[in-house]
Amino acid sequence: MLKLTTTARYLVLVVIIIIGLHSILSVTHEDYGRATSFKNIAAHLSWDSGSVDPVPAEYFETPANPGTFISRRANASILMLARNTDVNDAVRSVRRLEDRFNRKFGYPWVFLNEEPFSDEFKTRVSNVINGEVTFGQIEHDHWFQPDWIDEEKATAGRDKMVQDNIIYGGSKSYRNMCRFNSGFFYRHPLLQQYKWYWRVEPDVHFRCDIDFDPFLYMQDHNKTYGFTITMYEFRATIPTLWDTVKTFVKEHPEYVASNNAMGYMSDDGGESYNLCHFWSNFEIANMDFWRGEAYSKFFEHLDRAGGFYYERWGDAPVHSIAAALFLDKEQIHFFDEIGYEHNPYTHCPRGEGAWQRGKCDCDVNHSFDYDGYSCMKQWDRIQ
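Values in this document were obtained by computation on a predicted structure and should not be read as measured data.

J.: Explain the overall build of the chain to me, and be specific about the residues and the numbers.
T.: Within the chain one finds 18 helices and 12 strands. Looking at the 383 residues of the chain, the share that counts as buried comes to 53%. Across the chain, contacts joining residues at least 24 apart in sequence account for 78% of those joining residues at least 6 apart. When the accessible area of the chain is evaluated, it comes to approximately 18100 Å², of which 54% is carbon and sulfur surface.

Take a look at the structure:
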C-alpha cells in the first residue's frame, strides 16, 4: 500500500479542497463557471481572427480620395442619454468622438435626460462640439414605471436580485433606462427628423481615428444595425425573456426573417437562448426599424409581460434579439474599424491594415473580441 508523507497528504488535501471550491463556484456563480470553462481557455488560446467584412476603401478620406466625408451626408444624429451629474464623463466622451470622428463630419448631437439639463451641462457640452447640439427632456410616461406594474411583485424581484448580488439588481432607475432605450428613445420629438443614430454613453473611449462615415456605409449597403462588441447577458436578469420571445414568434411568424441570425443567439435552433447580445452602449442603427410594425408589436408584447421591472430585462438583449430575428443577418454589421472602449471591455481593430490606418492607441492583443465572455465566435459561425 502506498504511504504518503505528511507533506504529500497536505498537498492532496489542498488539491481536493481547490477542486471542491471550483465545482461549487462553477455551479453557484455563472460568470466564474464561464470564465474558467474549457471553452473559455480554448478561446484565449485561439489565434483565429474570425471573419471581418471591411468598410471599402472608397469610404475613407485619403490624399487620392479628397473630400470623401463632405460630399454626402446621411440623415443622422449622435445620441447621448445623460444626467446633469454625468457632465464630466459626458464632456470626455463628446470630446473624444469629436476629435476622432465628428470634427470632420459635423453630425448633430442630441442629448436626452429625464429632467431638465442644467445650464452648466449645456454650456460645457456645447463648448466641445463644433456643430449643432440640442437638449431635450424625456416624457414622464416614457421614463417612469407604468402604473399597471404590480409594485409588490416588482419589489420582491428587486430584493431577490440584491440578495443575489446582481449588478443594478435593486435599481428602479436602471430599469427605467432599459425600458426607455428599448421602446421609447426613437419616439422623442427631437429625433423624429432623423433616420439614423449613433448611441454614445458618458465616459467611453474611441481608440482610433474614424475617417469614414458609418452612416453612409450602412445606408449604401442596406445595413440596419451596427455593433463593435458582443457578449453574454447575465442569465439571472432575464429568466423568462426567451420564453416571452418564443410566445411572440409563435403568434407572429410573419415577422421572422428567412435569413435571420438565429444561429448567433441560439445553439439549438431557437429552443433556448445562449445569452449572446450586441453590447448596446455602442450601436449605430436605422430608427425606421424600431419604428416599424414588427418591432413595435414586439416591444409592446415584452412591455406588457412586465419583465423590465419584475426581472431586469436590458435593452441590449431586447434590441439584439429583435435584430437577429426580424432582420436578414446581412443587415447586421460588425464595425471592426471602430476602436471602442466601455470599461472594462475594448474592441481593437484586427482587420488587415485597420489598426495602422486608424492610428489606433489600443492593444489588439488585449481586444475583447475572443475573450471567453465574448460572443464573437457565435457571430463568426453564421458568416
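From this point, things continue past the structure.
J.: Would you mind going over the pairing of strand β1 (residues 76-81) in detail, with residue names and values included?
T.: Judged by how many residues are buried, β1 sits mostly within the fold: five of six residues are covered. Relative to strand β4 (residues 196-199), β1 runs parallel, the two being bridged by four bridges. Bridging from a neighbouring strand, Leu79 pairs with Arg199 of β4. Relative to strand β2 (residues 109-113), β1 runs parallel, the two being bridged by four bridges. The partner of Ile78 across the bridge, within β2, is Trp109.

J.: Kindly report on the pairing of strand β3 (residues 133-137), identifying the contributing residues and their values.
T.: Here β2 runs beside β3; their pairing, made up of five bridges, is parallel. Paired with Val110 across the strands is Thr134, a residue of β3. What joins β2 to β3 is helix α6 (residues 119-126), and the crossover it makes is right-handed.

J.: Explain empty space enclosed by the protein residue by residue, including any values.
T.: One way to see where empty space is left: roll a probe the size of a water molecule over the atoms. Per the stated rule, a full pass over the model turns up one cavity of 30 Å³ or more. There is about 60 Å³ of room inside the largest cavity. Its residues assigned to classes, the lining of the largest cavity shows four nonpolar, one polar and four charged.

J.: Explain the environment of Trp109 to me, and be specific about the residues and the numbers.
T.: Along the chain, Trp109 turns up in strand β2. Leave out the neighbours within four places in its chain, and Trp109 touches Ile78, Met80, Val94, Leu97, Glu98, Asn102, Ile129, Glu132, Val133, Thr134 and Val200.

J.: Before we move on, can you summarise the packing of helix α11 (residues 241-251) against helix α16 (residues 315-326) with the specific residues and values?
T.: The N-to-C vectors of α11 and α16 enclose an angle of 35 degrees; their axes lie 12 Å apart at closest approach. Our pair here, α11 against α16, has a crossing hand that is right-handed. When α11 is examined against α16, the residues Leu241, Trp242, Val245, Phe248 and Val249 are found in contact with a partner set consisting of Pro317, Ile321, Leu325 and Phe326. Class assignment of the residues belonging to the contact of α11 with α16 gives a composition of nine nonpolar, no polar and no charged.

J.: Tell me what's going on with the sheet that holds strand β11 (residues 340-342), and back it up with residues and numbers.
T.: What the three strands build is an open sheet, ordered β5-β11-β12; its pairing is antiparallel. At either margin of the open sheet sits one strand with a lone partner, and together these are β5 (205-206) and β12 (345-347). In this structure, β11 lies alongside β12, joined through three bridges in antiparallel fashion. Directly across from His342, in β12, lies its bridge partner Tyr345.

J.: I'd like a description of helix α8 (residues 151-163), backed by residues and values.
T.: Taking 1.5 Å per residue, 13 residues should reach 18 Å; α8 reaches 18 Å between its end C-alpha atoms and fits that length. At its buried positions, α8 is contacted by α9 (172-183) and α15 (307-310). Following α8 by one or two positions, Asn165 has its phi on the positive side, about 60 degrees.

J.: Pulling in residues and values, what's your account of the layout of surface pockets?
T.: Taken as a whole, the largest pocket encloses approximately 1200 Å³ of empty space. In terms of lining, the largest pocket is formed by 41 residues, of which the most central are Tyr168, Tyr174, Met177, Glu201 and His342. Counting residues per element, the ones that place at least two in the lining of the largest pocket are β1, α9, β7 (230-232) and α16. Among the elements that take part in the lining of the largest pocket, α9 stands out by supplying five residues, more than any other.

Rules and cut-offs
- The residue numbering used here restarts from 1 in each chain and proceeds along that chain's sequence as written.
- Local features in a predicted model are, by the rule used here, given only for residues with pLDDT of at least 70; side-chain atom pairs are given and counted only at 80 or more, and totals for whole chains, interfaces and linings are based on all residues.
- Excluded from the side-chain calculations are hydrogens and water; all other atoms, namely the structure's heavy atoms, are used.
- Under the scheme used here, helices are H or I runs from DSSP no shorter than 4 residues and strands are E runs no shorter than 2 residues, and both carry numbers assigned from the N terminus.
- To sort residues, take the accessible area from a 1.4 Å probe on protein chains only and compare it with the maximum for the residue type: under 20% means buried, over 50% means exposed, and anything in between is partly exposed.
- Two residues qualify as a contact provided that any one of their heavy atoms is within 4.5 Å of a heavy atom in the partner residue.
- To measure how exposed things are, a 1.4 Å probe is used in the Shrake-Rupley method; for residues, cover is taken only from the protein chains shown.
- Criterion used throughout: strands pair if DSSP finds at least two bridges between them.
- Clockwise travel from the first strand over the helix to the second, with the strands pointing away from the viewer, marks a crossover as right-handed.
- Here a cavity is any set of points on a 1 Å grid over the protein atoms alone where a 1.4 Å probe fits but cannot get out, and a pocket is any open set with protein on both sides within 12 Å along at least 5 of 7 lines; a residue lines the site when it has an atom within 4 Å of a point.
- Grid points are joined across faces, edges and corners, and a volume is the space filled by probe spheres set on the points.
- Under the convention adopted here, Pro, Cys and the residues Ala, Val, Leu, Ile, Met, Phe, Trp and Tyr are nonpolar, Asp, Glu, Lys and Arg are charged, and Gly plus all remaining residues are polar.
- Interaxial angle, 0 to 180 degrees, is taken between N-to-C directions of lines fitted to C-alpha atoms, where a helix line uses only the stretch in contact.
- A crossing counts as left-handed when the near helix is turned anticlockwise from the far one by less than a right angle, and as right-handed when that turn is clockwise.
- A helix's residues, less one, multiplied by 1.5 Å, set its expected span.

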